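Breakdown of the fold
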Amino acid sequence: MDATTRTESFSLLQSVDASMGWSVRMTKKYLSAARTMSAFVVFLLAVSVLAAQSAPQQDLAPTPPMGWASWNHYFCDYDDQTIRDQADALVSTGMRELGYRYVLIQECLTTGRNPDGSLIVDTKRFPHGMKDLVDYIHSRGLKAGTYTDIGLNTCAGKPYEGSFQHEDQDVATFAAWGYDFIEMDYCNRPQGHTGREIYERTAEAIHKTGRPMLFYICSWGNEAPWTWAQGTAQLWRTESDLSAEKNHVDWGRVVKNFESNARHAVFNSPSSWNDPDMMEVGNPGLTPAEAQTHFSMWVISAAPLWAGNDLTTMDAATRALYTNREAIAVDQDALGAGPEMVRNYGAGIEVWAKPLGARGSGVMTVMLLNLGETPAEARVEWADLALSARVAVRDLWAHKDLGAFSGGYAVRLSPHASALLKVTGAFDWSHGATFEAEWPGNRREGNAVLLACPECSRGYAVSLSGAKPGSTGSSLAFTHIVVPEAGRYFAHLVYVYSGEGSHTVQVSANGNAPASVKLPGAIYGTAVIPLDLNQGENSITFRYAGQGSVQIDRLKLTR
Ligand code: GAL
């Protein structure tokens, strides 16, 4: 098979640097001016902290975990009974049946360690002991989560024990108590150690217990866990806390955590969840419109859904937010895609979208947002979503079909209000669906590594380096490529590489016989590869075993 190859510009910078554990390689290369369309520089940051291979997905969290967490409402002002009451409320409110399964007890659990190093539970707070409480949570058909820290002490300080140098022992204790979930905080990071090192050690300890326990890296975005923690943890915090004070939240922090979490949306996939923090819905500080927008922001983010309020006293409006099945379904969509801002009108009017089921399914969630201080109209254009013709619109908060609309759909929004819509239309395959190389649902094998590539779409690429002694090169399989009908499609492979002459990659769809495709040296070369795909699910694999390496930015599929 021949590839039609287009080369857009030439010149590549690479060099070596090391800071914060990131090793950066840059070399400068100029190709002939005649071939250069514009002076254009790309920095490819070969990031040694990124896992060399995709870790096997453990399938412990195929959809974002849901539950209730103690910190936002109670800080350390809670006891055993508080937790039992909240567990009961998860059942009596119907939240358990909607998927809120985990009860997470955060902070202030211990009073020190025994001479053998084992944790001493605070018996004033937990008079029946820890196992008794966990058993109670289980008896309500729920799962139990606990909390520790990478340091010697937790964020609340002494006498609350962190797990540094007690990782195996503490994790074995948590397993013996019957816990199903561990949050590990980032306070008091021991000198000379990265958080990553301690998180990886703890993950290994969890693995050794043989007990399936979800692992939550709570490093507030430090050390960019979305780039390396797949297989180590199932979820990780991307920002600092929403709560600066107990049982109160500022709207600005909700917006900030949503926006900063969305920057890493490309790393959202099953068992790989970006977490913008436990929710504050139902706690003081938000207007009703802000609380609804907060929930909408979290579900379009495919965020772990932790209720962070007092469930025993919540009002009907709060309960209606937490129990909206259609909004929850957006969060729990099996594709696990994150949100993308598709239009920013300025003055706080934004349009966000998230594909449902598959990229190119024609079914999406849209959030229309007014972050401004005056009422304003927000409008989604179908062209921004690659949807054609008339598109059916459903209002997920009103549980109402609004009809089919041409061109787009507009709504007037009060300050800080939003609309959460499900839109169903025909995906325009001539426009194409884009699949990012770095998406964790893809499979990387051999020497394939994730690269930070600020000039690449969404900021990353996957590098396929060639055969080395003892290895046969590397491959990247784009997975979850769902097309509406069988037939001929065109895969536009967007790649970068620094070598001279062309590299040849092997391409195959669905494990069929591979074809060779030549990729001339380029920055942003695009190889267009005709492929026959099956109706429904497909995978497209690129394999490289030559000299040097090829960096794959993304794949765009058209008809
Ligand atoms: C923060 C963490 C919160 C909560 C709190 C307890 O660092 O982000 O989720 O666990 O510590 O001190």
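As shown above, the structure is provided for reference.
So, here is what we can say about the structure in this document. Along each chain, numbering runs from 1 in the same order as the chain's sequence is written. Predicted model: local features are reported for residues with pLDDT of at least 70 only, side-chain atom pairs are reported and counted for 80 or more only, and whole-chain, interface and lining totals are derived from all residues. Each side-chain value is worked out from all heavy atoms of the structure, with water and hydrogens disregarded.

What to know about the state of the cysteines
Note: disulfide means a covalent bond formed between the sulfur atoms of two cysteine side chains. Note the threshold: Two cysteine sulfurs form a disulfide in these notes if their separation is within 2.5 Å. Elements are defined by DSSP. Helices are runs of H or I of four residues or more, strands are runs of E of two residues or more, and each kind is numbered from the N terminus. Under the scheme applied here, a residue whose accessible area is under 20% of the maximum for its type counts as buried, over 50% as exposed, and between as partly exposed, the area being computed with a 1.4 Å probe on protein chains only.
Applying the stated rule across the entire model yields 3 disulfides. Bridging cysteine 155 to cysteine 187, the disulfide has an S-S length of 2.1 Å. Given an S-S torsion of about 100 degrees, the disulfide between cysteine 155 and cysteine 187 has right-handed geometry. Placement of cysteine 155 in the loop between strand S9 (143-149) and helix H4 (167-177) and of cysteine 187 in the loop between strand S10 (181-185) and helix H5 (195-209) is noted, with a sequence separation of 32 residues between them. Relative accessible area serves as the criterion here: at 36%, cysteine 155 is assigned to the partly exposed category. Judged by its relative accessible area of 15%, cysteine 187 is buried. The disulfide bridge from cysteine 453 ends at cysteine 456, spanning 2.1 Å between sulfur atoms. Looking along the S-S bond of the cysteine 453-cysteine 456 disulfide, the torsion reads about 65 degrees, which is the right-handed sense. An identical accessibility class is assigned to cysteine 453 and cysteine 456; each is buried.

So, the packing of H4 against H5
Going by this rule: For helices, the axis comes from a line fit to the C-alpha atoms of the stretch in contact; other axes are also lines fit to C-alpha atoms, and the angle between any two N-to-C directions lies between 0 and 180 degrees. Geometric relationships in this document are graded by angle, where less than 35 degrees denotes roughly parallel, more than 145 denotes roughly antiparallel, 65 to 115 denotes roughly perpendicular, and other angles denote oblique. Rotating anticlockwise by less than a right angle from the far helix to the near helix defines a left-handed crossing, while the corresponding clockwise rotation defines a right-handed one. Contacts are residue-level and defined by heavy atoms, with any inter-residue pair within 4.5 Å sufficient. Note on residue categories: nonpolar means Ala, Val, Leu, Ile, Met, Phe, Trp, Tyr, Cys or Pro, charged means Asp, Glu, Lys or Arg, and polar means any other residue, Gly included.
Closest axis-to-axis distance for the H4/H5 pair is 9 Å, and the angle between their directions is 45 degrees. As far as their axial angle goes, H5 and H4 are oblique. With respect to the hand of their crossing, H4 and H5 are arranged in right-handed fashion. Contact residues: Glu167, Asp168, Val171, Ala172 and Ala175 in H4; Ile198, Arg201, Thr202, Ala205, Ile206, Lys208 and Thr209 in H5. Of the residues belonging to the contact of H4 with H5, the class tally is 6 nonpolar, 2 polar and 4 charged.

Some words on the sheet that holds S9
For the record, the criterion: Strands pair, by our definition, only if DSSP identifies at least two bridges between them.
Strand order in the open sheet made by the 8 strands is S13-S12-S11-S10-S9-S6-S5-S14, with parallel pairing throughout. Of all strands in the sheet, those bounded by a partner on one side alone are strand S13 (273-275) and strand S14 (305-307). Here the average twist between neighbouring strands, direction ignored, is 25 degrees.

Description of the site of the ligand
Applicable threshold: Residue proximity to a molecule or strand is established when one non-hydrogen atom of the residue lies within 4 Å of it. Within 3.5 Å is the distance limit for a polar contact, defined as a pair of N or O atoms, with the added protein rule that one can donate a hydrogen and the other accept it, and that residues adjacent in sequence qualify only through two side-chain atoms. The Shrake-Rupley method, run with a 1.4 Å probe sphere, supplies the accessible areas, and residue values consider only the shown protein chains as cover.
Taken together, Trp71, Gln106, Glu107, Tyr147, Cys155, Glu183, Asp185, Cys218, Trp220, Arg237 and Asp241 form the complete shell of residues around the ligand. For the ligand, an oxygen atom lies 3.3 Å from a polar atom in the side chain of glutamine 106. Contact between the ligand and arginine 237: an oxygen atom at 2.9 Å from a side-chain N or O atom of the residue. For the ligand, whose unbound accessible area comes to 310 Å², protein coverage reaches 96%.

Quick notes on the sheet that holds strand S16 (residues 349-355)
As summarised here, the arrangement of the 6 strands in space is S15-S16-S17-S22-S19-S20, forming an open sheet in which the pairing is antiparallel. The open sheet has two edge strands, strand S15 (340-346) and strand S20 (400-406), and neither has a second partner. Within this sheet the neighbouring strands show an average axis-to-axis angle of 25 degrees, counted without direction. Where strand S17 (residues 363-370) and strand S22 (residues 418-427) come together, 7 bridges link them in antiparallel fashion. In the strand pairing of S22, valine 363 is matched with threonine 424. Relative to the sheet, helix H7 (residues 288-300) contacts S16, S17 and S22, its axis offset from that of S17 by approximately 145 degrees.

Regarding the nonpolar core
Defined as follows: By convention a nonpolar core is built from buried Ala, Val, Leu, Ile, Met, Phe, Trp, Tyr and Cys residues, the set being connected through side-chain atoms within 4.5 Å.
Core analysis: the largest hydrophobic core is formed by 141 residues, its most contacted members being Tyr100, Phe295, Met297, Leu368, Val423, Phe542 and Leu557. By residue number, the principal contributor to this core is strand S28 (residues 487-509), which donates 8 residues. When neighbours within four sequence positions are excluded, leucine 368 is seen to be in contact with Glu350, Val351, Ala378, Arg379, Val380, Tyr409, Val411, Leu413, Ala417, Ser418, Ala419 and Leu421. Core analysis: the second largest hydrophobic core is formed by 13 residues, Tyr102, Leu104, Tyr216 and Trp306 among them.

Quick notes on the pattern of salt bridges
The criterion, for reference: Put simply, a salt bridge is a Lys or Arg side-chain nitrogen that is within 4 Å of an Asp or Glu carboxyl oxygen.
Per the counting criterion, the structure on display carries 27 salt bridges. Taking the shortest distance from any N to any O, the salt bridge between arginine 113 and aspartate 170 comes out at 2.9 Å. On the criterion of sequence distance, the pair formed by arginine 113 in strand S7 (residues 110-113) and aspartate 170 in helix H4 is long-range, its members being 57 residues apart. We note a salt bridge from glutamate 340 to arginine 458, for which the minimum N-O separation is 3.2 Å. Pair noted here: glutamate 340 is in strand S15 and arginine 458 is in the loop between strand S25 (449-452) and strand S26 (460-465), with a separation of 118 residues, a long-range link. What makes arginine 458 partly exposed here is its relative accessible area of 33%.

Some details on helix H6 (residues 251-262)
Quick note on the threshold: One fewer than the residue count of a helix, multiplied by 1.5 Å, yields its expected span.
Compared with the 16 Å implied by 1.5 Å per residue over 12 residues, the 17 Å span of H6 between its first and last C-alpha is a close match. All of the buried residues in H6 are Trp251, Val254, Val255, Asn257, Phe258, Ser260, Asn261 and Ala262.

A look at the environment of threonine 146
Relative to the helices and strands, threonine 146 resides in strand S9. Residue classification places threonine 146 among the buried positions, given a relative accessible area of 1%. Beyond its immediate chain neighbours, meaning those up to four positions away, threonine 146 contacts Leu104, Ile105, Leu109, Phe174, Tyr179, Phe181, Ile182 and Glu183.

So, unusual backbone geometry
Note the cis peptide between lysine 158 and proline 159, where omega equals 5 degrees. For proline 159, the location among the structural elements is in the loop between S9 and H4. In this structure, asparagine 188 is a non-glycine residue whose phi angle is positive, near 55 degrees. Here asparagine 188 shows up in the loop between S10 and H5. Backbone geometry places alanine 347, a non-glycine residue, at a positive phi of 55 degrees. As for its position among the elements, alanine 347 is in the loop between S15 and S16.

Things to note about the environment of alanine 378
Mapped onto the fold, alanine 378 is located in strand S18 (residues 376-381). Taking the relative accessible area as the measure of exposure, alanine 378 reaches 0% and is therefore buried. Expressed as a C-alpha distance, the spacing of alanine 378 and methionine 367, which sit 11 residues apart in the sequence, is 9.7 Å. Excluding anything up to four places from it in sequence, alanine 378 contacts Ile349, Leu368, Tyr409, Ala410, Val411 and Leu413.

Here we look at the pairing of S9
Along S9, 6 of the 7 residues are buried, which leaves the element largely enclosed by surrounding structure. By the bridge criterion, 3 bridges tie strand S6 (residues 102-104) to S9 in an arrangement that is parallel. Within the sheet, the bridge partner assigned to valine 103 lies in S9 and is alanine 144. Judged from the 5 bridges that link them, S9 and S10 form a sheet pairing that is parallel. Bridge pairing in S10 places threonine 146 opposite isoleucine 182.

Take it as geometry only, folks, not as evidence of what the structure does.
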